[in-house]
Amino acid sequence: MDKQKTIRLGTHGENYGSWMSNPVFYMLGGIALVALVLAVLSFTVFHILALGIVFIVILALLLAVIGWITWIRRQYAFGGGGMMDKAHQVVLENLDYGGNGTLLEVGCGSGPLAIRAALTWENTKVVGVDYWGKMYNYSKAVCEKNAAMEGVAAQCTFQKGDANKLDFADETFDAVISNYVYHNIMGSNKQDLLLESLRVLKKGGVFAINDCMKPKMYGDTQAFAQKLRDMGYSEVKIVNTAELVFGSERRAALMMLGNSRMLVGRK
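Now for a look at the structure at hand. Quick caveat, the model's predicted, so the values are computed rather than measured.

### Some words on the pattern of salt bridges
(1) Moving on: Taken as a whole, this structure holds eight salt bridges when the rule is applied.
(2) Moving on: Taking the shortest distance from any N to any O, the salt bridge between R199 and E196 comes out at 2.9 Å. Placement of the pair is R199 and E196 together in helix α7 (residues 190-199), with a separation of three residues, close to one helical turn.
(3) Moving on: E235 is the partner of R266 in a salt bridge, and the nearest nitrogen-oxygen pair spans 3.2 Å. Of the two residues, R266 sits in strand β7 (residues 260-266) while E235 sits in strand β6 (residues 234-239), which places them 31 residues apart along the sequence.
(4) Moving on: Take E235: its relative accessible area is 47%, and that puts it in the partly exposed class.
(5) Moving on: Three or more residues joined by partner-sharing salt bridges are found here, namely D96, E235 and R266.

### Some details on helix α9 (residues 221-230)
(1) Moving on: Inspection of α9 places T221, F224, A225 and L228 among the buried residues, and these make up the whole buried set. An end-on view of α9 places all buried positions within 105° of arc, on one side of the element.
(2) Moving on: For α9, the N-terminal cap is D220; the gap from its side-chain oxygen to the backbone nitrogen of Q222 is 3.1 Å.
(3) Moving on: One or two positions beyond α9, positive phi appears at G232, with a value near 110°.

### A look at the packing of aromatic side chains
(1) Moving on: Considering all chains together, one arrives at five aromatic pairs under this definition.
(2) Moving on: Between the aromatic rings of F168 and F173, the centroid separation amounts to 4.9 Å while the plane-to-plane angle is 85°, which identifies the pairing as edge-to-face.
(3) Moving on: The ring of Y131 carries K160 above its face, with NZ or CZ at 4.4 Å from the centroid.

Conventions adopted
Position numbers for residues count from 1 along each chain, tracking the sequence in the order it is written. It should be noted that, the model being predicted, local features are given only for residues of pLDDT at least 70 and side-chain atom pairs only at 80 or more, the latter also being counted only at that level, while totals for whole chains, interfaces and linings use all residues. The side-chain numbers reported here are obtained from all heavy atoms of the structure, hydrogens and water having been left aside. One side-chain nitrogen of Lys or Arg within 4 Å of one carboxyl oxygen of Asp or Glu is enough to make a salt bridge. Each helix is a run of DSSP H or I of at least 4 residues and each strand a run of E of at least 2, with the numbering of both proceeding from the N terminus. Each residue gets one of three labels from its accessible area relative to the maximum for its type: buried under 20%, exposed over 50%, partly exposed in between, using a 1.4 Å probe on protein chains only. The arc in question is traced by the directions running from the helix axis to the C-beta atoms. Under the rule applied, a polar contact is a pair of N or O atoms within 3.5 Å (in protein, one hydrogen donor and one hydrogen acceptor; residues adjacent in sequence only if both atoms are side-chain atoms). Here is the rule: rings of Phe, Tyr and Trp (six-membered ring for Trp) pair when centre to centre is within 6.5 Å. Planes less than 30 degrees apart are stacked, more than 60 are edge-to-face, and the remainder are tilted. Criterion for a charge above a ring: Lys NZ or Arg CZ within 6 Å of the ring centre, and within 35 degrees of the ring normal.

And the structure:
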């Protein structure tokens, strides 16, 4: 899809946030500060050399982790390495969608994938749904502002929702997409989440759902793809997005998404 290469999100002052949330840094930074204080006390007050060395090692490890996730955050950022923008391109490039109808994004966050879809298909109405938990500073207002600044406010609608039980009737949408969302939903069966997203897809509609599909979370994805085929779905396949987005599974693993896979098909 050549148009994907011409779309440049985040060039009008939009705030798309970052994949690695600020509270993660605050937590690790706080633990590192405690380790530093305990190391100093061990050397100067308690005079326990071994204990001080232990806390120094802990501090060094924490600083290494902070450095690592800072690098990851930069790699994903729209104004940095652009890896999340690349992931969005790959999702839409693998969606066999004609461009007329309604499209749902499950877990829209700050709106970049939904907005990219609207920019790609000008005759499509895009609905973005998200729970907007406190971990990230995302909200309906942030999504709407970003869509307006990108010039697609008239095409996009954003609303609060739960991927476990979508507030839409069966066969509502012509296309369903999602990107790195379901693995963050604690306590939910991932295959049930997939089926719930596909429930709202019209017969003949298409889907592209990308996530970190760890076997211990998702089970056998190939078997699930076959289950969908047995249910009447067509063109169902599992796409290795670790290769397409990051270049290799090793690099994807370095960026915490080594099991990056996408379920693609038609209902």
